[in-house]
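# Coordinate inspection notes
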Amino acid sequence: MKRWEHYEHTADIGIRGYGDTLEEAFEAVATALFDVMVDVRKVDRKEMREIEVEGEDLYALLYSFLEELLILHDTEGLVFGDFEVEIEKTKEGYKLKAKAYGEALSEKHEPKEEVKAITYHEMNIKQFEEGTWMTQLVPDI
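This one's a predicted model, so the numbers in the text were calculated from it and none came from an experiment.

## Regarding the sheet that holds strand E5 (residues 94–104)
The strand order across the open sheet formed by 3 strands is E3-E5-E4, and the pairing between neighbours is antiparallel. Each of the sheet's edge strands pairs with one partner strand only, and the pair in question is strand E3 (47–55) and strand E4 (78–89). For this sheet, the mean inter-axis angle between neighbouring strands, taken without regard to orientation, is 20 degrees. Relative to E5, E3 runs antiparallel, the two being bridged by 9 bridges. Residue pairing for E5: Glu54 is matched across the bridge by Lys95. Strand contacts of helix H1 (residues 22–37): E4 and E5, with the helix running at about 155 degrees to E4, the strand carrying the most contacts.

Shown next, in the form of structure tokens:
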């Protein structure tokens with residue numbers, strides 16, 4: 001079961017995602033990222049974009065994944081509310097393949113904050129003893 005939340009941070013907004021798997025935690029934090037920008041409950045699955053990124057570790061992989069989503073938002077004016085992520089361990093690190101579902105940004109999404117960039121600030125990826133995964137970071141607002 002994946003879920004996400006925002007958390008208090010001095011001048012920005014922290015985002016956190018949880019899941020029964022690492023992939024679900026990546027999906028959940030991506031949802032949290034877009035919910036900083038719009039009301040993700042109002043984003044329909046009208047368009048799909050495929051994303052492939054690699055990273056030397058999970059932190060670089062998370063950064064690259066969210067950066068690609070932000071690039072799609074900035075260049076195509078899309079917002080996303082649903083994701084399907086696959087992560088595979090490779091000799092060089094990790095590879096992520098994802099499908100992002102959403103649509104063009106409009107007033108119906110109730111635009112909020114603009115995310116300028118993905119950062120490593122307070123980035124954390126961990127698995128709790130009961131098996132749940134958590135991903136978090138503070139994007140640049």
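There is more to say, and it comes next.
## Structural notes on the pattern of salt bridges
In total, this model carries 10 salt bridges according to the counting rule given. Across the pair Asp35 and Lys112 runs a salt bridge, and its minimum N-O distance is 3.4 Å. Remark: Lys112 occurs in the loop between E5 and strand E6 (124–127) and Asp35 occurs in helix H1; sequence separation between them is 77 residues. A relative accessible area of 10% means that Asp35 is categorised as buried. Note on Lys112: relative accessible area 46%, which makes it partly exposed. Between Lys42 and Glu110 there is a salt bridge; the shortest N-O distance is 2.2 Å. Separated by 68 residues along the polypeptide, Lys42 in the loop between H1 and E3 and Glu110 in the loop between E5 and E6 bring together distant segments of the chain. Looking at Glu110, the relative accessible area reads 41%, which means it is partly exposed.

## Notes on helix H2 (residues 58–76)
In this model H2 runs 27 Å from its N-terminal to its C-terminal C-alpha over 19 residues, within 8% of the 27 Å that 1.5 Å per residue would give. Where H2 is concerned, the buried positions are Leu58, Ala60, Leu61, Leu62, Tyr63, Ser64, Phe65, Leu66, Leu69, Leu70, Leu72 and His73. Packed against the buried residues of H2 are H1, E3, E4, E5, E6 and strand E7 (133–137). If you check the start of H2, you find a side-chain oxygen 3.1 Å away from the backbone N of Tyr59, and it comes from Asp57. Positive phi shows up at Gly77, right after H2, with a value of about 70 degrees.

## Regarding the packing of aromatic side chains
Applying the stated criterion to the full structure yields 6 aromatic pairs. With a centroid separation of 5.5 Å and an interplanar angle of 90 degrees, the aromatic rings of Phe34 and Phe80 are classed as edge-to-face. In this pair, Phe34 is assigned in helix H1 and Phe80 in strand E4, connecting sequence segments 46 residues apart. With a centroid separation of 4.8 Å and 5 degrees between ring planes, the pair formed by Tyr63 and Tyr120 is classed as stacked. With Tyr63 in helix H2 and Tyr120 in the loop between E5 and E6, the pair connects residues that are 57 residues apart, well separated along the chain. In this structure Tyr120 comes out as partly exposed when scored by relative accessible area, which is 46%. Members of the aromatic cluster, joined through ring pairs, are Phe26, Phe34, Phe65, Phe80 and Phe83. Positioned over the ring face of Tyr101 is Arg45, at 3.7 Å from the centre of the ring. Over the aromatic face of Tyr94 sits the side chain of Lys89, whose NZ or CZ is 4.8 Å from the ring centroid.

Calculation rules
Residues numbered from 1 in each chain as written. Predicted model: local features only at pLDDT ≥ 70, side-chain atom pairs only at ≥ 80, totals over all residues. Heavy atoms only, no water. Pairing = 2+ DSSP bridges. Helix = DSSP H or I, 4+ residues; strand = E, 2+ residues; numbered from the N terminus. Axes fitted to C-alpha atoms, helices over the stretch in contact; angles between N-to-C directions. Contact = heavy atoms within 4.5 Å. Salt bridge = Lys/Arg side-chain N within 4 Å of Asp/Glu carboxyl O. Buried < 20%, exposed > 50% of the residue type's maximum accessible area, 1.4 Å probe, protein only. Expected span 1.5 Å × (residues − 1). Polar contact = N/O pair within 3.5 Å; in protein donor to acceptor, adjacent residues only side chain to side chain. Phe/Tyr/Trp six-rings, centres within 6.5 Å; stacked < 30°, edge-to-face > 60°. Lys NZ or Arg CZ within 6 Å of the ring centre and 35° of its normal.

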